[in-house]
Amino acid sequence: MKNGSLTYYAAGVGVTYDPVVHTQKFFSLHTDDITCIAFSSNGVNVATAENGKRPICYIWDADTMMQKLKLVGNGIVRSI
């Protein structure tokens with residue numbers, strides 16, 4: 001990411017790891033396993049999407065771990 005941190009997912013949680021101070025922050029709004037992750041060119045915004053009956057895609061800030069947008073519906077069934 002922009003500040004040298006690493007962002008990844010494990011099960012249903014988005015994780016941002018700061019290797020300088022060895023700390024982790026968590027994005028935990030998903031209710032099922034995350035299946036994909038994408039990063040914006042600004043080095044801050046992250047998109048993660050999940051499995052499930054009504055899968056959700058979240059766009060969130062990797063620095064603050066706050067949700068910016070929630071995408072649900074649009075005919076998507078089971079997984080994004």
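For the structure itself, consult the block above.
A brief structural summary.

The rules behind these values
Residues numbered from 1 in each chain as written. Predicted model: local features only at pLDDT ≥ 70, side-chain atom pairs only at ≥ 80, totals over all residues. Heavy atoms only, no water. Helix = DSSP H or I, 4+ residues; strand = E, 2+ residues; numbered from the N terminus. Buried < 20%, exposed > 50% of the residue type's maximum accessible area, 1.4 Å probe, protein only. Pairing = 2+ DSSP bridges. Axes fitted to C-alpha atoms, helices over the stretch in contact; angles between N-to-C directions. Polar contact = N/O pair within 3.5 Å; in protein donor to acceptor, adjacent residues only side chain to side chain. Contact = heavy atoms within 4.5 Å.

### Quick notes on unusual backbone geometry
Logical step 1: You will see that A11, though not glycine, has its phi angle at about 55°, which is positive.
Logical step 2: Mapped onto the secondary structure, A11 falls in the loop between β1 (6-10) and β2 (13-18).
Logical step 3: For A11, a relative accessible area of 51% puts it in the exposed group.
Logical step 4: In the Ramachandran plot, H22 falls in the positive-phi region, its phi being about 55° despite a non-glycine side chain.
Logical step 5: Within the element layout of this structure, H22 appears in the loop between β2 and β3 (23-27).

### Describing the sheet that holds β3
Logical step 1: Pairing is antiparallel in the open sheet, where 3 strands are placed in the order β1-β2-β3. Edge strands, defined here as strands with exactly one partner in the open sheet, are β1 and β3. Averaged over all pairs of adjacent strands, the angle between their axes in this sheet comes to 25°, without regard to strand direction.
Logical step 2: Where β2 meets β3, 5 bridges bridge the pair, whose relative direction is antiparallel. Across the sheet, residue D18 finds its bridge partner in β3, namely T23.

### Examining the side chain of N45
Logical step 1: One can find N45 in strand β5 (residues 45-52).
Logical step 2: Assessed through its relative accessible area of 18%, N45 is described here as buried.
Logical step 3: Reaching out from N45, the side chain makes a polar contact with the side chain of K68 at a distance of 2.7 Å.
Logical step 4: Excluding residues within four positions of it along the chain, N45 makes contact with M1, A38, F39, S40, I59, W60 and K68.

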